[in-house]
Amino acid sequence: MIAEALLANAAILLGLAMILWVVAVQIDDVSFVDAYWGGGMAVMAAVSWLRLFDPGPLASLLMAMTVIWGMRLCIHLLIRWRREGEDKRYARILRKDREKGRFASAALTKIFLSQSVLLFLVSSPAQYGILEASSLTPISGLALFGLGLWAIGIAFEWLGDWQLARFKADPENKGKVMDRGLWRYTRHPNYFGDACVWWGIWIAAASAGWWVAAVTVVGPLFLTFTLTKWSGAPLLERGMKASRPGYDEYKARTSAFFPLPPRKRSSRSREGV
């Protein structure tokens with residue numbers, strides 16, 4: 001049953017990706033795919049939950065955790081895309097393909113299909129957990145611990161995004177580095193929050209069975225890797241270093257991921273020794 005449900009989920013996700021790809025080709029911009037990331041995970045959780053004849057408290061909790069996170073992120077990124085236009089990261093990724101007239105095929109394979117595979121993988125704790133939880137599966141202490149970690153992640157994401165939006169809205173901050181609020185303690189509070197959310201969902205999903213945790217741990221592991229080492233922080237920081245004077249100094253004193261007090265520069269570094 002679970003295998004069939006997951007295959008059906010994958011088919012729905014593929015259909016959604018193809019629709020969005022057609023839109024991207026028509027407008028010559030794939031940047032809204034970031035909103036698809038959160039929204040697609042919310043859809044996978046909701047569809048999994050709707051398949052249950054009698055969803056219990058754990059399944060409903062996992063669905064709510066995923067949908068609340070995913071829809072908030074989807075709406076936030078759609079608004080940002082409409083306000084700021086094409087994302088420079090995707091423009092760089094597709095620049096050569098656009099020049100050679102291969103934008104449509106590259107957008108499909110490099111962006112929408114690849115994102116769909118990764119989206120399905122990362123959201124596996126929610127899908128498996130919801131489908132495996134029976135109507136009698138209680139909300140255990142482990143699930144509540146996962147919910148607490150999820151809440152910390154949601155707070156970091158929401159507050160970090162809100163602080164950054166306010167900073168950007170002030171014309172006097174144009175070209176400056178955001179180093180206030182949560183951004184004083186971590187260079188990527190939203191990415192840290194993202195990781196907390198999905199480790200929290202994974203922990204809560206583990207209440208449905210040990211095998212759920214074993215099979216789906218690759219989801220939060222891969223997400224943490226991509227946020228810290230691959231397409232998240234590294235790709236973003238390369239662009240920030242080139243466009244924000246003073247970013248190297250900010251990077252030297254601020255934790256890359258986990259929130260920590262700012263590092264103090266030594267007297268030797270201040271003197272240029």
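Residues numbered from 1 in each chain as written. Predicted model: local features only at pLDDT ≥ 70, side-chain atom pairs only at ≥ 80, totals over all residues. Heavy atoms only, no water.

1. Here's the deal with the overall build of the chain
Inference 1: Of regular secondary structure, the chain possesses 13 helices and zero strands.
Inference 2: Taken from the N to the C terminus, the helices and strands of the chain come in the order α-α-α-α-α-α-α-α-α-α-α-α-α.
Inference 3: Against the compact-globule benchmark of 19 Å for 273 residues, the chain has a radius of gyration of 20 Å, which places it among compact chains.
Inference 4: Principal-axis analysis of the C-alpha atoms gives the chain an extent of 65 × 50 × 30 Å.
Inference 5: The burial tally for the chain puts 47% of its 273 residues in the buried class.
Inference 6: Across the chain, contacts joining residues at least 24 apart in sequence account for 79% of those joining residues at least 6 apart.
Inference 7: Between the averaged position of the 32 positive side-chain charges in the chain and that of its 21 negative side-chain charges there is a distance of 8 Å. (Helix = DSSP H or I, 4+ residues; strand = E, 2+ residues; numbered from the N terminus. Rg over C-alpha atoms; globule rule 2.2 N^0.38 Å. Buried < 20%, exposed > 50% of the residue type's maximum accessible area, 1.4 Å probe, protein only. Contact = heavy atoms within 4.5 Å. Lys, Arg positive; Asp, Glu negative; His and termini not counted. Charge placed at Lys NZ, Arg CZ, Asp CG, Glu CD.)

2. A look at helix α6 (residues 124–132)
Inference 1: Most of α6 is tucked away, with eight of its nine residues classed as buried.
Inference 2: All of the buried residues in α6 are Ser124, Pro125, Ala126, Gln127, Tyr128, Gly129, Ile130 and Leu131.

3. Considering unusual backbone geometry
Inference 1: The phi dihedral of aspartate 28 is positive, around 60 degrees, even though this residue is not glycine.
Inference 2: Inspection of the secondary structure assignment puts aspartate 28 in the loop between α1 (2–27) and α2 (33–50).

4. So, the environment of proline 125
Inference 1: Tracing the chain through its elements places proline 125 in helix α6.
Inference 2: In the structure, proline 125 is positioned 94 residues away from glycine 219 in sequence and 6.9 Å away in space, judged by C-alpha atoms.
Inference 3: Contact partners of proline 125, with chain neighbours within four places excluded, come to Trp198, Ile201, Trp202, Ala205, Thr216 and Pro220.

5. Quick word on helix α10 (residues 218–229)
Inference 1: Over its 12 residues, α10 runs 16 Å from end to end, which matches the ideal 16 Å to within 8%, given 1.5 Å per residue.
Inference 2: Residues Gly219, Pro220, Phe222, Leu223, Thr226 and Leu227 constitute the buried set of α10. Buried positions in α10, seen along its axis, are confined to an arc of 160 degrees and lie on one side of it. (Expected span 1.5 Å × (residues − 1). Arc of directions from axis to C-beta.)

6. Re the packing of aromatic side chains
Inference 1: Here the structure, examined in full by the defined rule, presents 13 aromatic pairs.
Inference 2: Relative to phenylalanine 112, the ring of phenylalanine 32 has its centre 5.9 Å away and its plane inclined at 50 degrees; by these criteria the two rings are tilted. Placement of phenylalanine 32 in the loop between α1 and α2 and of phenylalanine 112 in helix α5 (residues 103–122) is noted, with a sequence separation of 80 residues between them. Both residues of the pair, phenylalanine 32 and phenylalanine 112, count as buried.
Inference 3: Judged by centre distance (5.3 Å) and plane angle (85 degrees), the ring pair of phenylalanine 257 and phenylalanine 258 falls under edge-to-face. (Phe/Tyr/Trp six-rings, centres within 6.5 Å; stacked < 30°, edge-to-face > 60°.)

7. A word on the confidence of the model for the chain
Low pLDDT means the predicted atomic positions in that stretch should not be read closely.
Inference 1: Of all residues in the chain, 95% have pLDDT values of 70 or greater, and the mean over the chain is 91.
Inference 2: Within the chain, helix α8 (residues 189–205) carries the highest mean pLDDT (97), whereas helix α13 (residues 267–270) carries the lowest (38).
Inference 3: Counted against residues more than four places away or in other chains, residues 266–273, with its pLDDT under 50, gives two contacts. (pLDDT = per-residue confidence, 0-100.)

8. Here's the deal with the nonpolar core
Inference 1: Membership of the largest hydrophobic core comes to 65 residues, with the highest contact counts inside it found for Val30, Trp37, Trp69, Phe112, Trp198 and Ile201.
Inference 2: Counting residues per element, this core draws most heavily on helix α3 (residues 57–84), which supplies 11 residues.
Inference 3: Every residue in contact with phenylalanine 112, bar those within four places of it in the chain, is listed here: Ala17, Leu20, Trp21, Ala24, Val30, Phe32, Val33, Tyr36 and Ala107. (Core = buried A, V, L, I, M, F, W, Y, C linked by side-chain atoms within 4.5 Å.)

9. So, the pattern of salt bridges
Inference 1: One pass over the structure, following the stated rule, counts 13 salt bridges.
Inference 2: One salt bridge connects aspartate 28 with arginine 98, and the closest N-O pair in it is separated by 3.5 Å. In this pair, aspartate 28 sits in the loop between α1 and α2 while arginine 98 sits in helix α4 (residues 88–99), placing the two residues 70 residues apart along the sequence.
Inference 3: The exposure class assigned to aspartate 28 is partly exposed, which follows from its relative accessible area of 38%.
Inference 4: The salt bridge partner of arginine 80 is aspartate 34, with a shortest N-O separation of 3.9 Å. Of the two residues, arginine 80 is situated in helix α3 and aspartate 34 in helix α2; the sequence distance between them amounts to 46 residues.
Inference 5: What makes arginine 80 partly exposed here is its relative accessible area of 27%. (Salt bridge = Lys/Arg side-chain N within 4 Å of Asp/Glu carboxyl O.)

10. Thoughts on the side chain of serine 116
Inference 1: Inspection of the secondary structure assignment puts serine 116 in helix α5.
Inference 2: Setting aside residues up to four positions removed in sequence, serine 116 forms contacts with Leu13, Ala17 and Tyr36.

11. Here's the deal with the environment of isoleucine 154
Inference 1: Note on placement: isoleucine 154 falls in helix α7 (residues 141–169).
Inference 2: With residues near it in sequence (within four places) discarded, isoleucine 154 still touches Trp69 and Val197.

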